[in-house]
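A structural walkthrough
The primary structure of each chain is shown beneath.
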Amino acid sequence: MTVHFIGAGPGAPDLITVRALKLIQSCPVCLYAGSLVPEVIVAEAPKDAHILDTAGMHLDEIIDEIKKAHAKGQDVARVHSGDPSIYGATAEQMRRLKAEGIPFDVTPGVPAFAAAAAAIQTELTIPEVAQTIILTRTAMKSSSMPNGEDLETLGKSGATLAIHLSVRNIPEIQRKLTPLYGADCPVVVAFRVGWPDEMFIHGTLDDIRQKVRKEKITRTALIFVGPALAASGFIDSALYDAEFSHVLRIGKKGEVIEEPVQID
């Protein structure tokens, strides 16, 4: 018996890995986060599977269901949205399963930030503009942020920020990041990425609050901040530069660079 933590992707039924789909199709028990995972995905479970929406359940109730399956020797598909490694509340479940001696594994999924970048046709790492992506959130009603992970500290990097779980905290984001990125810094708010009603609001740190308020978005949104979102006139990367050599291609200059590079 194994509990399979499964990343179901951001919402679109076809943005799920082959491995994840096969696990859902094979497990006799399926526990899924119904507020974020489409029912069409868990509908792939066996016809006689025990399917349970955990959106209204607390941790003890979820673990109890898993323990019941374990006692019966039944595999469990524990389906989360996006990728389980990012704001999935999976760590506490794994800790409990380890304490109970219940085996588990993890299948990654397409994270919301990657799906959002694809949807707006944007690369988040632009040569000499931004080469770092920071995934973070702000403190609201959930747990506080650890020391050194506040927006003022992270924003000093100038990196592309992907701010989760914070659309109702845009005034704070504006206040803390405007001195660091500038009022005209591009911002994109991605609402319900991968769902039929997905929406992308483009603006700046100066005007994004008004634009989001107009659309009445209060949850299920990701906020991108950074100059890479609207970069133009940047240099081409060295990877495909005719003058540049690497271990798989000799450039016009003939010099081979032995440093490791990312190759498609």
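Quantities reported herein were computed from a predicted structural model and do not represent experimental measurements.

1. A short note on the nonpolar core
- Judged by nonpolar contacts, the single largest core of 23 residues is most densely connected at Ile163, Leu177, Val189, Leu205, Val212, Ile223 and Val225.
- Contributing elements (two or more residues each) for this core: α6 (151-155), β7 (160-164), α7 (170-181), β8 (186-191), α8 (208-215) and β10 (221-225).
- Top element by residues in this core is α7. It accounts for four residues.
- Counting residues in each nonpolar core, the second largest holds 17 residues, with Cys30, Val37, Val42 and Ala77 among its members.

2. Digging into the sheet that holds β10
- The five strands lie next to each other as β6-β7-β10-β8-β9, forming an open sheet whose pairing is mixed. Each of the sheet's edge strands pairs with one partner strand only, and the pair in question is β6 (133-137) and β9 (199-204). If you compare each strand with its neighbour and ignore which way they point, the axes differ by 20° on average.
- With six bridges joining them, β8 and β9 adopt antiparallel strand pairing. Looking at the pairing, Val188 lines up with His202 of β9.

3. Observations regarding the pattern of salt bridges
- Taken as a whole and judged by the stated rule, the model has seven salt bridges.
- Residue Glu65 is joined to Lys68 by a salt bridge in which the shortest nitrogen-to-oxygen separation is 3.7 Å. Here Glu65 pairs with Lys68, and both are found in helix α3 (residues 59-72), just three residues apart, close to one helical turn.
- Across the salt bridge formed by Asp197 and Arg192, the nearest N and O atoms sit 2.8 Å from each other.
- Given the relative accessible area of 37%, Asp197 is considered partly exposed.
- One salt-bridge network, held together by shared partners, links Glu152, Glu172 and Lys176.

4. Some thoughts on the domain arrangement of the chain
- Split into domains, the chain comes out as domain 1 (3-107) and domain 2 (112-230).
- In this structure, domain 1 and domain 2 have C-alpha centres spaced 28 Å apart.
- On the side of domain 2, twelve residues touch domain 1, which itself brings nine residues to the contact.
- For the domain 1 and domain 2 pair, buried surface summed over both sides reaches about 810 Å², with 70% attributable to carbon and sulfur atoms.
- Its largest share of buried area at the contact with domain 2, domain 1 owes to Pro10, Ile86 and Tyr87, together 60% of the area lost on that side.

5. What about unusual backbone geometry?
- The phi torsion at Glu128 lies on the positive side, around 60°, for a residue other than glycine.
- Considering the arrangement of structural elements, one finds Glu128 in the loop between α5 (112-119) and β6.
- Not every positive phi belongs to a glycine, and Lys216 is a case in point at roughly 60°.
- Relative to the assigned elements, Lys216 resides in the loop between α8 and β10.
- Since its relative accessible area comes to 70%, Lys216 is described here as exposed.

Cut-offs used in this document
- Residues numbered from 1 in each chain as written.
- Predicted model: local features only at pLDDT ≥ 70, side-chain atom pairs only at ≥ 80, totals over all residues.
- Heavy atoms only, no water.
- Core = buried A, V, L, I, M, F, W, Y, C linked by side-chain atoms within 4.5 Å.
- Buried < 20%, exposed > 50% of the residue type's maximum accessible area, 1.4 Å probe, protein only.
- Helix = DSSP H or I, 4+ residues; strand = E, 2+ residues; numbered from the N terminus.
- Pairing = 2+ DSSP bridges.
- Axes fitted to C-alpha atoms, helices over the stretch in contact; angles between N-to-C directions.
- Salt bridge = Lys/Arg side-chain N within 4 Å of Asp/Glu carboxyl O.
- Domains from an automatic or database assignment.
- Contact = heavy atoms within 4.5 Å.
- Buried area = accessible area lost by both parts, 1.4 Å probe.

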